[in-house]
Amino acid sequence: MKEVIIVGAGFAGLHIFYKIRHLVGKKIKLTIVDARSHSLLKPSLPEVAFEGAPLAHSLVELRHTVESRGAHFEQDEVVSIDAKANTITLKSDTKLSYDYLFVTLGAVKDYDAIKGYREFGYSVCDDVEAQKLFKKVEHFEGGKVVTGAAKSEWGSRIDAPKLLAPCEGPIGEVMFMLDHHLQEKGKKRQEDYTIDVFTPGSIFFEDVGDVPREVVGKEMQNRAINLHTDKILSEIGADYVAFEDGSRMACDLAIIIPPYTAPQAVKNSAIGDEKGFIPTDEHMRHLDFDNIFCAGDLNALTQPKLGHLAIIEAGIAAAAFMQELGEDVTIPPYEPEIFCIMNMGGHEATLVTSDVLYGGDVDLAFYSPLAKLMKWGFDSYLYYNKGHMPPDFALEATDKLVKLFK
């Protein structure tokens, strides 16, 4: 029996768990470690923030989910990983030994890196911030809204795209869903409220090609949403947002994607690159430690930091592990692509799929109520199936359907 530990039960961690659970009690003893009692389904957080959706529908209870399927759940925080000794240390001072380790802790949203955020900023990036934003939006009657992503910094060990923003899809949801919300309140664009969007890059949505940008840009024009490029956030004040170039924007409501950084446990453990993100090969295996795999936002390969990429990487990591244990599986090739569905308020959404960032030629955007229905179906499936992704054949069928529009 191999001792296997998965640290972090987000998208990647749960996907690996479901992929390898059939080995529990046969070839492996499996422990899942997470500081939270519930896994957070982040794609539905904009609905919590702008539509008042119940947070409970974004949570998957972990202990029963894991232990009813034969594994052990340890609710605790990982403090450090000793890759040479094959142990992890938890906040409770417990030490766990492993033969194989999957590190799927995700990235930390570093709100405190932004001066003034705690006093004046809002976000949709976690359950606490999404609920806080909903309380603000519920009583917001208009004014100057500023939204955008702060600049993040990445290591240099892995040859991956170096994007200035970790992921700008949520900014699209913020601007469109807030606009819809204010329209539903009877507020008038430009008279009662304005929405200004900033990006640290020279291009908004730098991770896709021209087609999605044009679709999103056209809708921004239709809704009188203003775009400002090359703006690196430095401070949020009571009535302004400031940037490194010395400029400011008047602001009554600042909604921000903060910088992403690596968890302190990884920084403490000398298994990350100079920024703390974990370097792996395309089988998601650590470059220095053969028995450590990493998938999701913490992997230095992952650009942008996107749930769809976490799922791709988790599937590869699980297959590489199973093959090593003698299972008859094929390791999928690492073929990253952008795939997301952007809620735009009401019945509207835009489905985006693109691989041009990685040298491909797929670059599509599908703006339709059908995209909203697909997002609702995906989010509901995740919730009711305890974070289990839809079957591979369903995902492949969706991919083929979308690419018919190419």
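What follows concerns the nonpolar core. Core analysis: the biggest nonpolar cluster contains 127 residues, and Ile 20, Leu 30, Phe 50, Ile 88 and Phe 321 have the highest contact counts within it. No other element matches helix α9 (residues 307–324), which puts eleven residues into this core. Not counting residues up to four positions away in its chain, the partners in contact with Phe 50 are Val 124, Leu 133, Val 137, Val 174, Met 177, Leu 178, His 181 and Ile 255. Counting residues in each nonpolar core, the second largest holds seven residues, with Ile 341, Ala 349, Leu 351 and Ala 371 among its members.

A few words now on the pattern of salt bridges. Taken as a whole and assessed by the stated rule, the structure comprises 18 salt bridges. Between Asp 288 and Arg 157 there is a salt bridge whose closest N-O contact spans 2.8 Å. Here Asp 288 is found in the loop between α8 (264–267) and β20 (292–294), whereas its partner Arg 157 is found in the loop between β12 (143–149) and α6 (169–184), with 131 residues between them in sequence. Classification of Arg 157 by relative accessible area gives partly exposed; the value is 43%.

Okay, the packing of aromatic side chains next. Using the criterion set out here, one finds eight aromatic pairs in the structure. Relative to Tyr 18, the ring of Phe 17 lies with its centre 5.1 Å away and its plane at 55°, an arrangement referred to as tilted. The same class applies to Phe 17 as to Tyr 18, namely buried. With centroids separated by 4.3 Å and ring planes inclined at 15°, the aromatic side chains of Phe 204 and Phe 205 adopt a geometry described as stacked. Three or more aromatic residues link up through ring pairs in this structure, and these residues are Tyr 100, Phe 102, Phe 293 and Phe 321. Here the guanidinium or amino end of Arg 248 rests over the ring plane of Tyr 240, the centre of that ring lying 3.9 Å away.

Conventions adopted
Residues numbered from 1 in each chain as written. Predicted model: local features only at pLDDT ≥ 70, side-chain atom pairs only at ≥ 80, totals over all residues. Heavy atoms only, no water. Core = buried A, V, L, I, M, F, W, Y, C linked by side-chain atoms within 4.5 Å. Buried < 20%, exposed > 50% of the residue type's maximum accessible area, 1.4 Å probe, protein only. Helix = DSSP H or I, 4+ residues; strand = E, 2+ residues; numbered from the N terminus. Contact = heavy atoms within 4.5 Å. Salt bridge = Lys/Arg side-chain N within 4 Å of Asp/Glu carboxyl O. Phe/Tyr/Trp six-rings, centres within 6.5 Å; stacked < 30°, edge-to-face > 60°. Lys NZ or Arg CZ within 6 Å of the ring centre and 35° of its normal.

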